[in-house]
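What follows is each chain in one-letter form.
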Amino acid sequence: AQSVTQPDIHITVSEGASLELRCNYSYGATPYLFWYVQSPGQGLQLLLKYFSGDTLVQGIKGFEAEFKRSQSSFNLRKPSVHWSDAAEYFCAVGAPNYGGSQGNLIFGKGTKLSVKP
Amino acid sequence: DTGVSQNPRHKITKRGQNVTFRCDPISEHNRLYWYRQTLGQGPEFLTYFQNEAQLEKSRLLSDRFSAERPKGSFSTLEIQRTEQGDSAMYLCASRYQGNTEAFFGQGTRLTVV
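Residues numbered from 1 in each chain as written. Chains lettered and ligands numbered in written order. Predicted model: local features only at pLDDT ≥ 70, side-chain atom pairs only at ≥ 80, totals over all residues. Heavy atoms only, no water.

Counted by the stated rule, this structure contains 18 aromatic pairs over all chains. Here the aromatic rings of A:Y36 and B:F104 are separated by 5.3 Å at their centres, their planes lie at 80 degrees, and the arrangement is edge-to-face. Of this pair, A:Y36 sits in strand β5 (residues 33–38) while B:F104 sits in strand β10 (residues 103–104), on two different chains. In this pair, the class of A:Y36 matches that of B:F104, namely buried. (Phe/Tyr/Trp six-rings, centres within 6.5 Å; stacked < 30°, edge-to-face > 60°. Helix = DSSP H or I, 4+ residues; strand = E, 2+ residues; numbered from the N terminus. Buried < 20%, exposed > 50% of the residue type's maximum accessible area, 1.4 Å probe, protein only.)

Moving on to the interface of chain B and chain A. Each partner contributes residues to the interface: chain B has 24 residues there, and chain A has 22 residues. The largest share of the area that chain B buries against chain A comes from B:R95, B:T100 and B:F104, three residues that together contribute 29% of it. Joining chain B to chain A, the criterion identifies 0 salt bridges. Scanning the region where chain B abuts chain A turns up 7 residue pairs in polar contact (both at pLDDT 80 or more). For the side of chain B that touches chain A, the secondary-structure elements that each account for two or more residues are β4 (31–37), β5 (44–50) and β9 (88–95) of chain B. Top element by residues in the side of chain B that touches chain A is β4(B). It accounts for 4 residues. (Contact = heavy atoms within 4.5 Å. Buried area = accessible area lost by both parts, 1.4 Å probe. Salt bridge = Lys/Arg side-chain N within 4 Å of Asp/Glu carboxyl O. Polar contact = N/O pair within 3.5 Å; in protein donor to acceptor, adjacent residues only side chain to side chain.)

Attention shifts here to the nonpolar core. Among the nonpolar cores identified, the biggest contains 28 residues, and A:L19, A:W35, A:L47, A:L48, A:F74, A:L76 and A:Y89 are the most heavily contacted of them. When residues of this core are traced back to their parent elements, those giving at least two are β2 (10–14), β3 (19–21), β5, β6 (44–50), β8 (64–68), β9 (73–78), β10 (87–94) and β12 (111–116) of chain A. In terms of residues, this core owes the most to one element, β10(A), which gives 4 residues. When residues no more than four places from it in sequence are discounted, the contact partners of A:L48 are A:L33, A:F34, A:W35, A:V57, A:Q58, A:G59, A:F63, A:E64, A:A65, A:F74 and A:L76. Core analysis: the next-biggest nonpolar cluster, separate from the first, contains 19 residues, B:V4, B:L46, B:L77 and B:C92 among them. (Core = buried A, V, L, I, M, F, W, Y, C linked by side-chain atoms within 4.5 Å.)

Time to look at the pattern of salt bridges. Any two side chains of opposite charge can pair, so long as their charged atoms come close to each other. Enumeration over the complete set of coordinates arrives at 7 salt bridges over all chains. Between A:K78 and A:D85 there is a salt bridge whose closest N-O contact spans 2.8 Å. The same class applies to A:K78 and to A:D85, which are both buried. B:R22 is paired through a salt bridge with B:D24; the nearest N and O atoms lie 2.7 Å apart. B:R22 sits in the partly exposed class, given a relative accessible area of 35%. Through salt bridges that share partners, A:E64, A:E66 and A:R77 make up one connected network.

Further remarks concern the environment of A:H10. Residues and elements named next belong to chain A. Mapped onto the fold, H10 is located in strand β2. Linking H10 and G110, residues 100 residues apart in sequence, is a C-alpha distance of 8.6 Å. Contact partners of H10, with chain neighbours within four places excluded, come to T111, K112 and S114. Here S114 takes part through its side chain, which lies 2.7 Å from a polar atom of the side chain of H10.

With that settled, consider the sheet that holds strand β3 (residues 19–24) of chain B. Residue and element names in this part refer to chain B. Spatially, 4 strands are ordered β1-β3-β8-β7 in an open sheet, and the strand pairing comes out antiparallel. In the strand order of this sheet, the two ends are held by β1 (5–7) and β7 (65–68), each with one partner. Taking each pair of neighbouring strands and ignoring which way they run, the sheet shows an average axis angle of 15 degrees. (Pairing = 2+ DSSP bridges. Axes fitted to C-alpha atoms, helices over the stretch in contact; angles between N-to-C directions.)

Residues and elements named next belong to chain B. Both β5 and strand β6 (residues 53–57) contribute to a ladder of 4 bridges, which runs antiparallel. For Y48, the partnering residue across the bridge sits in β6 and is E56. Between β5 and β6, which pair antiparallel and follow one another directly, the connecting turn spans 2 residues, one of which, N51, has a positive phi of 55 degrees.

Residues and elements named next belong to chain A. As enumerated under the stated definition, the model contains 2 disulfides over all chains in all. In this model C23 forms its disulfide with C91; the gap between the sulfur atoms is 2.0 Å. On the sign convention where negative means left-handed, the S-S torsion of about -65 degrees between C23 and C91 marks this disulfide as left-handed. Taken together, the residues C23 in the loop between β3 and β4 (24–26) and C91 in strand β10 connect sequence positions 68 residues apart. The exposure classification of C23 matches that of C91, with both residues buried. (Disulfide = S-S within 2.5 Å.)

As structure tokens, this is what we get:
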């Protein structure tokens, strides 16, 4: 069965520092991979997605992620964190046949990001 | 495009009562999903619809849960005889056939006391 692992429950970085959030997935075929962000009490907003092509994908708010098939990873990065980036970040993989418009998303447990001034 | 709308945003109910939540997806989206998110966890899939047809239900959707999407537009999720373990955020998402991006509502937070 597909699964997503986010090893870090909580990360604290200083404002202006770089950020990397880890995500590992378990999936047999080429996965559909996503990063979502959730602010307190809010729904989820898509940051970026990958399913083919260039393994380095750019998203909104200055985020990027790199797909590494050999490591089954899809880590999220940002070169310089802003205080407004404090939120919870979820990595997700599409269930089988997601590309055929069927199927749901399978989420990791999330990484909470705190930003120190 | 007003986004995915969920009502109510918050619901407090006594154990044993029935509750119903509503989700209005983005108008042209034919796929609609319900997820449940408990504290410290990522969203977990409950069920999804293609138009008015409920195509898949997860094992999390016990007999006390029922979902409908009668005209292929809005959807309702009902929980009967609520239990404290039902306390969670219930998220709705929608997407358009052929598009991989799912758009989420702000959720309904249920507290069972």
